[in-house]
Amino acid sequence: FIASPHVLSHHVSHNAGKVLDLLLELGCPRDKLGRLVAKAPRLLGLNAQDNLRPTISFLCDEMKVPRAKLWRVIQHSPHLLARSLDKHLIPVCMFLEGVGIPRERLGAFIVVYPQALCKSIRHKLRPAIEYLVAAVGVPREKVGAVLLKKPQLLGYATEKMQRAITFLGDEVGVSRDGVRDMVLRFPSVLGYSVDENLRPTVSFIRQIAKVNAEQLARDLVAFPQMLSYSLERRLKPRLEHLCSCGVDLSQGRFSVAKILRQTDSQFRERHGNRSLLLAGPLGSRHAHVHALASHAGNASALVPA
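The rules we used
- All residue numbers refer to positions counted from 1 along the written sequence of the respective chain.
- Only residues with pLDDT of at least 70 get local features here, since the model is predicted, and only at 80 or more are side-chain atom pairs given and counted; chain-wide, interface and lining totals rely on the full set of residues.
- Values reported for side chains reflect all heavy atoms of the structure, with hydrogen atoms and water molecules removed beforehand.
- To qualify as a helix, a DSSP run of H or I must reach at least 4 residues; to qualify as a strand, a run of E must reach at least 2; elements of each kind are numbered from the N terminus.
- To sort residues, take the accessible area from a 1.4 Å probe on protein chains only and compare it with the maximum for the residue type: under 20% means buried, over 50% means exposed, and anything in between is partly exposed.
- Any pair of residues with heavy atoms lying within 4.5 Å of one another is described as a contacting pair.
- In short, Shrake-Rupley with a 1.4 Å probe defines the accessible areas, and a residue's cover is counted only from the protein chains shown.
- In this description, a line fitted to the C-alpha atoms serves as the axis of each element, helices being fitted only across the stretch in contact, and the angle between N-to-C directions of two axes falls anywhere from 0 to 180 degrees.
- Roughly parallel covers angles under 35 degrees, roughly antiparallel covers those over 145, roughly perpendicular covers 65 to 115, and oblique covers all other angles.
- Crossing chirality is assigned from the near helix's rotation relative to the far helix, an anticlockwise turn below a right angle marking it left-handed and a clockwise turn marking it right-handed.
- Only Asp, Glu, Lys and Arg are considered charged in this grouping, and only Ala, Val, Leu, Ile, Met, Phe, Trp, Tyr, Cys and Pro are considered nonpolar; every other residue, Gly among them, is considered polar.
- Only four residue types enter the charge count: Lys and Arg as positive, Asp and Glu as negative, with His and the chain ends excluded.
- One side-chain nitrogen of Lys or Arg within 4 Å of one carboxyl oxygen of Asp or Glu is enough to make a salt bridge.
- What makes a nonpolar core is a set of buried Ala, Val, Leu, Ile, Met, Phe, Trp, Tyr and Cys residues whose side-chain atoms join them at distances within 4.5 Å.

Participant: Before we go on, may I ask you to explain the overall build of the protein in this structure?
Facilitator: Within the protein, the secondary structure is distributed over 17 helices and 0 strands. Burial analysis of the protein (305 residues in total) assigns 45% to the buried set. Sequence separation of 24 or more characterises 70% of the internal contacts of the protein that already satisfy a separation of 6 or more. Here the protein displays about 16,000 Å² of accessible surface, and carbon together with sulfur accounts for 51% of that area.

Structure, rendered in structure tokens:
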């Protein structure tokens, strides 16, 4: 409240009750009102009828934000209710539509990343778009599709995205066109930490699968989502099981990307005969016992009483 001392005025006190009632009407739990107002104290200085309701109407009626999800939007970005409708919110939505996000998809975009509505077009949004085009190589006509896949790109620091691009290019050997294709398929890769995610995943694949640099780069371009999988829960169990069964993953006929993109049931079906441990959920003792029993043709003799 110190940052907005005007909220202590008599005028605000007169409006505050109506503002709080409106927030409750929108779905704010009563026990969270204090926290919400502390995040955006300016709300108490606004007129519920003249300022807040027109903004809510714009979001729901024109941008098609589902009313059932409006509270989520406000919870994550309460400041947007205090933004000028004519001077900020409408221009931002027009800008987003202009870069390729269809009007009928803006509501879903806002639900996922409402913080975009609070950003400056000049200082935040336009530089982010230009970075995607100039540094990443995303064609302008595909910027909207990329943002729909990962709206949070508009909030990523360019320094963080550049570290990911530099790592993929310099340390993994992915070409500039390859990095662009990775981002088009899976833009979340630009937000991954090099030290906590990208490098450990790539290092493990190199170590266990023994794939050459060109094959690894091809796999990453074809299926960049593999970088999103848990090292402990997906990569290690699958690749270590196959290697322990004598499967040479460095051979061209085996693709790490294809192995990782399979569902658990597909993986068991296609590779279960390579290891009895793969007959059930990976790492499950019960599945291991059941697999041994089925293999021997006498389950009752192997399952403990």
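Participant: Teacher, can you tell me more about unusual backbone geometry here?
Facilitator: Generally, phi is negative for residues other than glycine and the peptide bonds are trans, each holding for most cases. In the Ramachandran plot, K64 falls in the positive-phi region, its phi being about 65° despite a non-glycine side chain. Judged by relative accessible area, which is 53%, K64 ranks as exposed. Positive phi values are uncommon outside glycine, yet K210 reaches one of about 60°. Structurally, K210 can be placed in the loop between α11 (194-209) and α12 (213-222).

Participant: Any chance you could explain the packing of helix α5 (residues 85-98) against helix α6 (residues 103-112) here in plain terms?
Facilitator: When two helices pack together, their arrangement is given by the angle between their axes and by how far apart the axes lie. Viewed as axis vectors pointing N to C, α5 and α6 meet at an angle of 115°, and their least axial separation amounts to 10 Å. By the angle class used here, α5 and α6 are roughly perpendicular. With respect to the hand of their crossing, α5 and α6 are arranged in right-handed fashion. For the pair α5 and α6, contact is made by C93, L96 and E97 and by R103, L106, F109 and I110, respectively. Its residues assigned to classes, the contact of α5 with α6 comprises 5 nonpolar, no polar and 2 charged.

Participant: For this particular structure, what's the right way to read the side chain of K150?
Facilitator: Residue placement: K150 occurs in the loop between α8 (143-149) and α9 (158-171). Within the buried core, K150 has no salt-bridge partner, and the shortest N-O distance to an opposite charge, that of E196, equals 14 Å.

Participant: Can you walk me through the packing of α5 against helix α7 (residues 121-136) in this structure?
Facilitator: At a minimum axis separation of 12 Å, α5 and α7 run at an interaxial angle of 10°. The angle between the axes of α5 and α7 places the two elements in the roughly parallel class. Across from P91, V92 and F95 in α5, the residues of α7 making contact are I121, L125, R126 and I129. Counted by class, the contact of α5 with α7 contains 6 nonpolar, no polar and 1 charged residues.

Participant: For this particular structure, what's the right way to read the nonpolar core?
Facilitator: Taken as a class, soluble globular proteins show a tendency for nonpolar side chains to be buried jointly. Membership of the largest hydrophobic core comes to 97 residues, with the highest contact counts inside it found for L147, L154, V189, L190, I205 and M226. Considering every element that reaches this core, the biggest residue donor is α7, with 8 residues. With residues near it in sequence (within four places) discarded, V189 still touches A164, L168, M182, V183, L198 and L227.

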